[in-house]
Amino acid sequence: MSTISTRPSRLRPRRETTPLSRTAVMLLLALSTLYFLFPLWWLLVAATKPFGGQFSGSGVWFDGFGLFDNLARLSAQDDGIFWRWMLNSVAYCGIGALVGTALSALAGYTIAKYEFRGRGVLFGAVLAAVLVPKVLFTLPLYLMFSGIHLIDNPLAVLLPSIVSPFGVYLSRVFAAQVPDEVIEAGRLDGAGEFRIFRTLATRMMLPALVTIFLFQFVEIWNNYLLPAMVLGDDRLQPVTVGLVGWNASHVAVPPALVVIGSLVSIAPLVIAFLALQRFWRAGMTAGAVK
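A quick note: this is a predicted structure, and the numbers were derived from the prediction, not measured.

Reading the values: rules and limits
All residue numbers refer to positions counted from 1 along the written sequence of the respective chain. For a predicted model such as this one, the threshold for reporting local features is a pLDDT of at least 70, and the threshold for listing and counting side-chain atom pairs is 80 or more; totals across whole chains, interfaces and linings nevertheless cover every residue. Note that the side-chain values use all heavy atoms of the structure and ignore hydrogens as well as water. The rule is simple: take the accessible area with a 1.4 Å probe, protein chains only, and divide by the maximum for that residue type; under 20% is buried, over 50% is exposed, in between is partly exposed. Starting at the N terminus, helices and strands are each numbered in turn, a helix being any DSSP run of H or I of at least four residues and a strand any DSSP run of E of at least two. Only heavy atoms matter for contacts: two residues are in contact if any of them lie within 4.5 Å across the pair. The pairing test for Phe, Tyr and Trp rings, Trp by its six-membered ring, is centres within 6.5 Å, and the orientation test on the planes gives stacked under 30 degrees, edge-to-face over 60, and tilted for anything in between. Geometrically, a charge over a ring is one whose NZ (Lys) or CZ (Arg) sits within 6 Å of the ring centre while staying within 35 degrees of the ring normal. Between N-to-C directions, angles span 0 to 180 degrees; the directions come from axes that are lines fitted to C-alpha atoms, helices contributing only their stretch in contact. For classification purposes, an angle smaller than 35 degrees is called roughly parallel, one larger than 145 roughly antiparallel, one from 65 to 115 roughly perpendicular, and anything else oblique. Take the far helix as your reference; a near helix turned counterclockwise from it by less than a right angle gives a left-handed crossing, and one turned clockwise gives a right-handed crossing. Following the grouping adopted for this structure description, the nonpolar residues are Ala, Val, Leu, Ile, Met, Phe, Trp, Tyr, Cys and Pro, the charged ones are Asp, Glu, Lys and Arg, and the polar ones are all others, Gly among them. Patch building starts from residues that exceed 30% relative accessible area and form no salt bridge, then joins like charges within 9 Å and nonpolar side chains (Val, Leu, Ile, Met, Phe, Trp, Tyr) within 5 Å. Note that accessible areas follow from Shrake-Rupley with a 1.4 Å probe, and for residues the cover is restricted to the protein chains shown. Take a side-chain nitrogen of Lys or Arg and a carboxyl oxygen of Asp or Glu: if they are within 4 Å of each other, that pair is a salt bridge.

Caption draft 1: Geometry of helix α7 (residues 165-175). Buried within α7 are the following residues: Pro165, Gly167, Val168, Leu170, Ser171, Phe174 and Ala175. Buried residues belonging to α7 abut α3 (81-113), α4 (119-130) and α10 (206-222).

Caption draft 2: The packing of aromatic side chains, seen in detail. Here the structure, examined in full by the defined rule, presents 16 aromatic pairs. Residues tyrosine 109 and tyrosine 114 carry aromatic rings whose centres are separated by 5.9 Å and whose planes lie at 75 degrees to one another, so their mutual orientation is edge-to-face. The partly exposed category is assigned to tyrosine 114, whose relative accessible area is 25%. Ring geometry for phenylalanine 217 and tryptophan 221: centres 6.0 Å apart, planes at 15 degrees, overall stacked. You can see phenylalanine 217 and its partner tryptophan 221 sitting in helix α10, four residues apart, about one turn around the helix. In this pair, the class of phenylalanine 217 matches that of tryptophan 221, namely buried. Grouping aromatic residues by their ring pairs yields a cluster made of Phe82, Trp83, Trp85 and Trp246. Above the ring of phenylalanine 123, the side-chain terminus of arginine 172 is found at 4.8 Å from the ring centroid.

Caption draft 3: Structural detail: the packing of α3 against α7. Interaxial distance between α3 and α7 falls to 7 Å at its minimum, and their mutual angle equals 50 degrees. With respect to their mutual orientation, α3 and α7 come out oblique. In this structure, the crossing between α3 and α7 has a hand that is right-handed. Mapping the contact onto sequence places Ser104, Ala105, Ala107, Gly108, Tyr109, Ile111, Ala112 and Lys113 in α3 and Gly167, Val168, Ser171, Arg172 and Ala175 in α7. Of the residues belonging to the contact of α3 with α7, the class tally is seven nonpolar, four polar and two charged.

Caption draft 4: Local environment of a nonpolar patch on the surface. Together, Val132, Val135, Leu136, Phe137, Leu139, Leu143, Tyr224, Leu225, Met229 and Val244 make up a nonpolar patch on the protein surface, roughly 860 Å² of accessible area in all. Among the secondary structure elements, those contributing two or more residues to the nonpolar patch are α5 (138-147) and α11 (225-230). When you line up the elements, leucine 136 lands in the loop between α4 and α5. Leucine 136 gets classed as exposed once you look at its relative accessible area, which sits at 56%.

Here you go:
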């Protein structure tokens, strides 16, 4: 004879969101979106105005169209040095982000999948490094590069940019979810450790690697203080340092060119995000053996 339990259920009823709470959340998201996108909208509007009218009229809507003439003036200023700055920034960010992502993936995978003495201490040091702002290392790096004669050398920008404690941490988190059975299957098939990492693990860690690459790319692109200190040659400077230099010389360079150059300088970031966003939705098991 079956008995019916009188013990109260531990499952709590699911609370449904109210229309008021949903409206409040949507309003908060809309205000946040407006707050972050308004400077970009103002920059777009100002850069497309006829030259000299960037700071006049309405800043929230278009007043004439002079973008192509503005770009021509931008290219003619100082013998087209702006495009040299853009090329420098793309080179620094591309090389730094690629090498930094590769090193982060190797370090994170090693910490997650191999047993060795001091692994916990090493990962703790990585977590501690995530909490330290990189700007604190600017002066020590300048003194170190000055001592080894790397001032006015692109390596003074590239070498610090390939180190990413956050990238190592994120790689370690994703590498820990790579099934050990997949690794063992690769070993049984005769694949070496590096081949297993390159052909199996990296494909399964692809969402993390793309995220690390984008974070590195944006961080290097926005870095100003270190390049400003170690690069005195105008031909080696990135676009961030070059635009600040233009802005400081109001007589030699019209302020309107700084606005136009600022709009052009964010184009690579937008292109990178749009081109790589589909990889963020890739599954964690993409590339696993079937």
